[in-house]
Amino acid sequence: MRKPLISGTWKMNLNHFEAIQTVQKLAYLVGKDELELVDVSLHPPFTDVRSVQTLIDTDKLGYALGAQHCHWEEKGAYTGEVSPVFLAKLGVQYVICGHSERRELFGETDEMVNKKVAAIQQHGMTPIMCVGETLEEREAGQTEAKVLGQVRAGLAGRKPEPIGALVIAYEPIWAIGTGRTATADDAQQMCAAIRACVAELAGAEAAESVRVQYGGSVKAGTVAELIAQPDVDGALVGGASLDPDEFAKICKLGA
Ligand code: PGA
């Protein structure tokens, strides 16, 4: 049985003071008992990571620290980038890569995602690799080709290495920040197809252990039905994770 993972990504929202307040409110609402049943990772902007880490560690909150992005190189002349080594040193456990906003707005390619997945794992952290189709691709019947193509590209060239600790987030781009969610059936179908693709690439054991999240306008009202699907192992939550009350409900319903 895979333990569900609910990940809250704040994107470019909340400064480090607001981050501390948000986590404090959340900790009051979702405590140790709930976290026995569900893993929760928090992905603040870089400037907040240290503050959130201190709070999680000092108060032993049981949340996993996450990041939204990193470079694949350990160090060097990459102005503005952050090394996976620095994130690991801060106790980051999960790093998002290949998010559609990074792919669309910042030119992140499949090749870059592939290098990042490997680098994140190499430094003992778990990548949350995002994949998803645009509305045009969906309407043209290309959903599976696009999504599985991204999965294959992100994991290419690893054989005979085992797949390692990995989360894949299925995020239809038309559902991100739009208030539109894939139906539970559609989410299940794609998450199952992603798992089957992992089986083909890395074997049945890897497919069984990989956690596949759904992301895209997840709210307290929709999360339970999504997570009830056999191949949906959690949710990647953007907008709704900024509100501790709403996010707490999502975490509890996701358990
Ligand atoms: P959203 O974002 O929940 O605001 O749609 C999800 C995401 O970008 O991962």
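Scroll up for the structure.
Residues numbered from 1 in each chain as written. Predicted model: local features only at pLDDT ≥ 70, side-chain atom pairs only at ≥ 80, totals over all residues. Heavy atoms only, no water.

**Student:** Would you mind going over the packing of helix 1 (residues 16–29) against helix 3 (residues 46–58) with me for this structure?
**Tutor:** Geometry of a packed helix pair, given as the angle between the helix axes and the separation of the axes. Between helix 1 and helix 3, the least distance of the axes is 9 Å, while the angle of their chain directions is 35°. At the point where helix 1 passes helix 3, the crossing takes the right-handed sense. Contacts between helix 1 and helix 3 involve H16, A19, I20, V23 and Q24 from the first element and T47, D48, S51, V52 and L55 from the second. For the contact of helix 1 with helix 3, a count of residues per class yields five nonpolar, four polar and one charged. (Axes fitted to C-alpha atoms, helices over the stretch in contact; angles between N-to-C directions. Helix = DSSP H or I, 4+ residues; strand = E, 2+ residues; numbered from the N terminus. Left-handed = near helix turned anticlockwise from the far one by under 90°. Contact = heavy atoms within 4.5 Å. Nonpolar A, V, L, I, M, F, W, Y, C, P; charged D, E, K, R; others polar.)

**Student:** Honestly, the sheet that holds strand 1 (residues 5–9) in this entry has me stumped. Any pointers?
**Tutor:** The strands making up a sheet associate through hydrogen bonds between their backbones, and the pairing can be parallel or antiparallel. A barrel is described by the order of its strands in space; here eight strands give the closed sequence 1-2-3-4-5-6-7-8, paired in parallel fashion. On average, adjacent strands in this sheet sit at an angle of 25° to one another, irrespective of strand direction. Across two bridges, strand 7 (residues 211–215) lies against strand 8 (residues 234–237) in parallel orientation. Bridging from a neighbouring strand, Y214 pairs with A235 of strand 8. This element, helix 11 (residues 220–227), spans strand 1, strand 7 and strand 8 of the sheet and lies at about 145° to strand 8. (Pairing = 2+ DSSP bridges.)

**Student:** What is the right way to look at helix 9 (residues 184–202) in this model?
**Tutor:** Side chains three or four residues apart in an α-helix point the same way, a direct result of the helix having 3.6 residues per turn. Over its 19 residues, helix 9 runs 26 Å from end to end, which matches the ideal 27 Å to within 8%, given 1.5 Å per residue. Those residues of helix 9 that fall on the buried side of the exposure criterion are A184, A187, Q188, M190, C191, A193, I194, R195, C197 and V198. As for helix 9, its buried residues are in contact with strand 5 (126–131), helix 8 (143–155), strand 6 (167–170), helix 10 (204–209), strand 7 and helix 11. At the C-terminal side of helix 9, G203 shows a positive phi close to 100°. (Expected span 1.5 Å × (residues − 1). Buried < 20%, exposed > 50% of the residue type's maximum accessible area, 1.4 Å probe, protein only.)

**Student:** I would appreciate a short explanation of the nonpolar core in the present structure.
**Tutor:** Note on soluble globular proteins: their nonpolar side chains tend to be buried together. The biggest cluster of nonpolar side chains holds 66 residues, and the ones touching the most others in it are I6, Y63, I168, I194 and Y214. Among the elements that take part in this core, helix 9 stands out by supplying seven residues, more than any other. Setting aside residues no more than four positions away along its own chain, I168 makes contact with M129, V131, V151, I194, V198, V210, R211, V212 and Q213. Core analysis: the next-biggest nonpolar cluster, separate from the first, contains nine residues, A64, I128, V167 and L236 among them. (Core = buried A, V, L, I, M, F, W, Y, C linked by side-chain atoms within 4.5 Å.)

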